[in-house]
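# Structural overview for review
Chain by chain, the residues run as shown.
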There are 2 protein chains.
Amino acid sequence: MNKNIVIIGGVAAGPKAACRLKRLQPAWNVTVIDQDSLISYGGCGIPYYVCGDVSDEKELRSTSYHMLRDEAFFSAAKGVRVLSKTKALAIDRKGRTVRVENLDSGEQSEIPYDKLLLATGSQSVNLPIPGMDLDGVFTVANLHKAIAIKERIAKGQVAKAVVVGGGAIGIEMAEAFTDLWGVETSLVEYMPQLLPRIIDWHLSAMLKTHLEEKNVSVFTGESATEILGDGQGRVTGVRTGKRTLAADLVIMAVGVRPRSELAREAGLHVTPWGGIKVNHRLQTTDPDIYAAGDCIATTHLVTGKDAFAPFGSLANREGRIAADNMAGRASYFPGVVGSYIMKAFDRCIGSTGISYETALAEGFAADYSLTAPADRAHFYPGEAVVIYQMVFDRNTRKVLGLQGFGMMNDSISARIDTAAGLIAKGATIEDFMTVEMAYSPPFSAAIDSINAAAYVADNICAGLLRKVDLRRFLAWMEDFGREPDWVVLDIRHPQEAAASVQRFGRERWLAIPYNEVRQRHQEVPVDKTMIILCDAGTRSFEVQVVLDAAGKKNSLVLCGGSNVIRRMGVDWLSGT
Amino acid sequence: MNKNIVIIGGVAAGPKAACRLKRLQPAWNVTVIDQDSLISYGGCGIPYYVCGDVSDEKELRSTSYHMLRDEAFFSAAKGVRVLSKTKALAIDRKGRTVRVENLDSGEQSEIPYDKLLLATGSQSVNLPIPGMDLDGVFTVANLHKAIAIKERIAKGQVAKAVVVGGGAIGIEMAEAFTDLWGVETSLVEYMPQLLPRIIDWHLSAMLKTHLEEKNVSVFTGESATEILGDGQGRVTGVRTGKRTLAADLVIMAVGVRPRSELAREAGLHVTPWGGIKVNHRLQTTDPDIYAAGDCIATTHLVTGKDAFAPFGSLANREGRIAADNMAGRASYFPGVVGSYIMKAFDRCIGSTGISYETALAEGFAADYSLTAPADRAHFYPGEAVVIYQMVFDRNTRKVLGLQGFGMMNDSISARIDTAAGLIAKGATIEDFMTVEMAYSPPFSAAIDSINAAAYVADNICAGLLRKVDLRRFLAWMEDFGREPDWVVLDIRHPQEAAASVQRFGRERWLAIPYNEVRQRHQEVPVDKTMIILCDAGTRSFEVQVVLDAAGKKNSLVLCGGSNVIRRMGVDWLSGT
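Another aspect to go through is the packing of helix α1 (residues 13-24) of chain B against helix α9 (residues 312-326) of chain B. In a packed pair of helices, the relevant descriptors are the angle between the two axes and the axis-to-axis distance. Residues and elements named next belong to chain B. Between α1 and α9, whose axes approach to 8 Å, the crossing angle comes to 35°. When you trace α1 past α9, the crossing you get is right-handed. Together, A13, G14, K16, A17, R20, L21 and L24 of α1 and A315, N316, E318, G319, R320, A322, A323, D324 and M326 of α9 make up the contact between the two elements. Split into classes, the residues belonging to the contact of α1 with α9 amount to eight nonpolar, three polar and five charged.

Rendered as structure tokens:
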């Protein structure tokens, strides 16, 4: 009893599901429809194609064994019929057909299905501002756009670029322009920080600092209000609320939204923000219609709410699960934790679960630890400091999220992935304290950074560690009048502390080396709030315990220490 | 009500527990006893000190903020009293004292305790063979030995070295000698493979191949039977059952065992192999005596049995948990999964959970997937093949272990760590199929290698994928008479397959390119067993499905494909 399977969408979830279906039900007829001529490509690779790391766009749509994933390949190798340049116009759920239009001939026809998969993906959000139609304004919505962008740069037509949108794609495109092509690039983000809602503000500030070190001009908290042209239809710049930035090329990367019009018009349940509702089998509200990839609303495993998670990796996982269920093999998609990682020049930034800001907004008893450990044994050559923030709920002790910022290697990836697996299982701080990270000096520290982050979280939960609010501390550093009774207790090496002591005076900046505090704690005043500062925060906690034991409970720890605030752009902090 | 805490052992678990105790109970008296003069060092860093990556042994016993962790440091900074060169002779449990000897003066005394922690570590196993006392024969038991070894090499006294023992330390020492010092090095292991009981034989064979590429002579399945001398007490070589190897330096690295004599003599419960029995609070059978680190018997979370897990990272974790419980703060140590990782020249090898061989021995319905994916997006520059083996139970679908072999970076570390977290929670193949690895082309493939390994495991469990036994296949390649009805179906690119077809003839080696099999399956004979070969095994599985659907169910997949067998040393296999 062969069945007809129709899949709408040929980029990630669609092809994955089609191939899996043919492996489970080799005799079934599987048809993939896509309105584009280019299918089955690695969209996440576009920035690496634009920058030149990937020389030919064909690499993005080839297999690992160097076969081009085009219609002929899917037919011969996979037994899957692909109809490209074919637009799905409407779904007739009663008649079980999809009305399609051949975009070359304009001819319309009906394709019958027994089961249908919607893998329609996402589309770029367009800002409703003047000038969006000017020549030289691009989204990075598909491979055609990428090819056009690269062509302009390679031909030397681009001296200045403006990227609108400080999400992953915007940042990756800014890197591509600056790093390999030497294009003078500005990045504009209307939210007050880069990677809003994904990364908390202080890690985001570290990323911004690094982008600026790499000659990307970053303007956060600024909206693009108009795209400017030369009168002949070519782009010349971008106007924001605060300035005008010249540009030969403008990238609009202000986000994507689910492409779900077909589903909505067919009467399937779609969330207000456009995500197609699916159950854990990836069935829509019509049991013969499934959906997978960027177009769905999935469940966030931390909040329990609907989530939009447009990642190529998830699209692949979901495609396989949808195919299993369509083929009659029960398979379960639990939902997402929102794992995220990106390269930004020489740095890596990643996260999983939810941010502190989100956790507060969701009503958790949210708190966080902020640490600055070494990414491998501190004596191993090439080790580097990495910043982690672990978000947790003080009441349940559940870990809600983990974020990391550090050098461009796989070290953060290891911790984010580990955390993702644990958070999906509802793990607590205790689970993170004991998770058995493989140790050898070239790979990690004996006390792994993820264990260390959990230790600090544990100490905070237990009331052993009292920390200062970072935003408040930075404000105080800019204006000592804000917190007249605050003093820094700098426990770093005297050489590291000396310049700050000289700059701010002993009234504001008291220096007692870490290993002398036990003997010299009588020098610490009790009528001031002592903000304890070291390199990473660990010694500050030890000193807080010592002061507490001496009856001086007036201290707060600067978690992450100078390693954190220096990376956030506090460049006047002395020391090596 | 201050308490006296005595900790025996000052390397890893001991100092960690001491410092944690002082943070929880600042007023308590904490004393650490160690028979050595050097304390609190990173023993796992010894090979990197010997090879020169770490220039000064002091780096191994310094903090990340460059303070030497000696007695004065522990006293001033931590408030911990350290008695080095002090040997614990006996525990009087009734009187709650430890009898100690000052090794300088010979003076004995009693130290009273309210609670005692045994952190006595492990000691090198000595082989009962002649010549062990010769000058130039070393264990890597402590920092003194390491300093002596490096001194000899640095002085040019070592042209040839023999390392006895193919575990991590042996391999790391062989690398240290060969890579930086150019010492002609042989490695002897009495078991038939390197890293026995940790890694399965085929991944171990890949490691051996790589060591040999790096000019280490590896002799597995050979016992060292005698250490040879020059008559003046200096070592000249090592005799094995099969050969005599010249050596100016011999490293004995045949393993370690718990140092638990004190515990045994005090009447505490100790396992037959010497591990001090502890509960999940790390209490011994005397509730006032705790134990942590290499000296304990912990619980293996996969087998449920007693396990010996002598890792510096675990010692640190255990030290913290013991301290919490000693200080009256309930803390739970669940046990171990045995995470393991090491650098070997340009390669990394790691594992967690149990091996296939162990799983069979433990009575699991054990099976495994063997995969050869790319460690990041296949189009991203510098991507490389990595080999994973996932061990699972066919009945429960629980994942029992994961092993990886690949390039020297943190990519395997990420997958091993993720797996460790999941395996500790009893995760199934489904959990590994959906674990949300953070994706971006510089870090991973859209279908992450850990997800891919689980997919193959799923296909094996479901009976969709039938694989050939690797050992049997390799035997057949050496002697076609063994399996007269076997034929390879080589589905790689014709240029890759050509040389093998020519070498073995079309009777034994049938080449049909992957994307032509659907059209040409009538060429595949039904009276032979077809062993399907590709690069990585994934296409072979697809072809098996196609042949099955055509009614030809006589095929077996070579999991991991040519990527696996080439890394195991099959160098005549043609292709790029």
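Bringing helix α15 (residues 494-504) of chain B into the picture now. All names here are of chain B. Those residues of α15 lying buried are E496, A497 and S500. Axial view of α15: buried residues confined to an arc of 75°, hence all on one face. More than 90 degrees from the buried face of α15, the exposed residues found are P494, Q495 and Q502.

So, about the interface of chain A and chain B. At the junction of the two partners, chain A supplies 77 residues and chain B supplies 78 residues. Going through the elements one at a time, α3 (57-60), α4 (71-78), α9 (312-326), β22 (340-344), β23 (347-353), α11 (411-424), α12 (429-434) and α17 (538-549) of chain A are the ones with two or more residues in the side of chain A that touches chain B. Per element, the largest residue contribution to the side of chain A that touches chain B is ten residues, and it comes from α11 of chain A. Across the side of chain A that touches chain B, the residue classes tally to 43 nonpolar, 20 polar and 14 charged.

The domains assigned to chain A are domain 1 (4-40 + 57-122 + 257-326), domain 2 (137-254), domain 3 (340-461) and domain 4 (470-567). One C-alpha centre belongs to domain 1 of chain A, the other to domain 4 of chain A, and the line joining them spans 57 Å.

To continue, consider the relation of the copies chain A and chain B. Expressed as a screw transformation, the operator carrying chain A onto chain B has a rotation angle of 180° and an axial translation of 0.0 Å, and the superposed copies differ by an RMSD of 0.1 Å. Classification of the inter-copy transformation places it as that of a two-fold axis. Mapped onto chain B, 100% of the interface residues of chain A again fall at the interface, so both copies present the same surface.

Rules used throughout
- Residues numbered from 1 in each chain as written.
- Chains lettered and ligands numbered in written order.
- Predicted model: local features only at pLDDT ≥ 70, side-chain atom pairs only at ≥ 80, totals over all residues.
- Axes fitted to C-alpha atoms, helices over the stretch in contact; angles between N-to-C directions.
- Helix = DSSP H or I, 4+ residues; strand = E, 2+ residues; numbered from the N terminus.
- Left-handed = near helix turned anticlockwise from the far one by under 90°.
- Contact = placed C-beta atoms within 7 Å.
- Nonpolar A, V, L, I, M, F, W, Y, C, P; charged D, E, K, R; others polar.
- Buried ≥ 20, exposed ≤ 12 C-beta atoms within 10 Å, placed from the backbone.
- Arc of directions from axis to C-beta.
- Domains from an automatic or database assignment.
- Least-squares fit on C-alpha atoms with pLDDT ≥ 70 in both.

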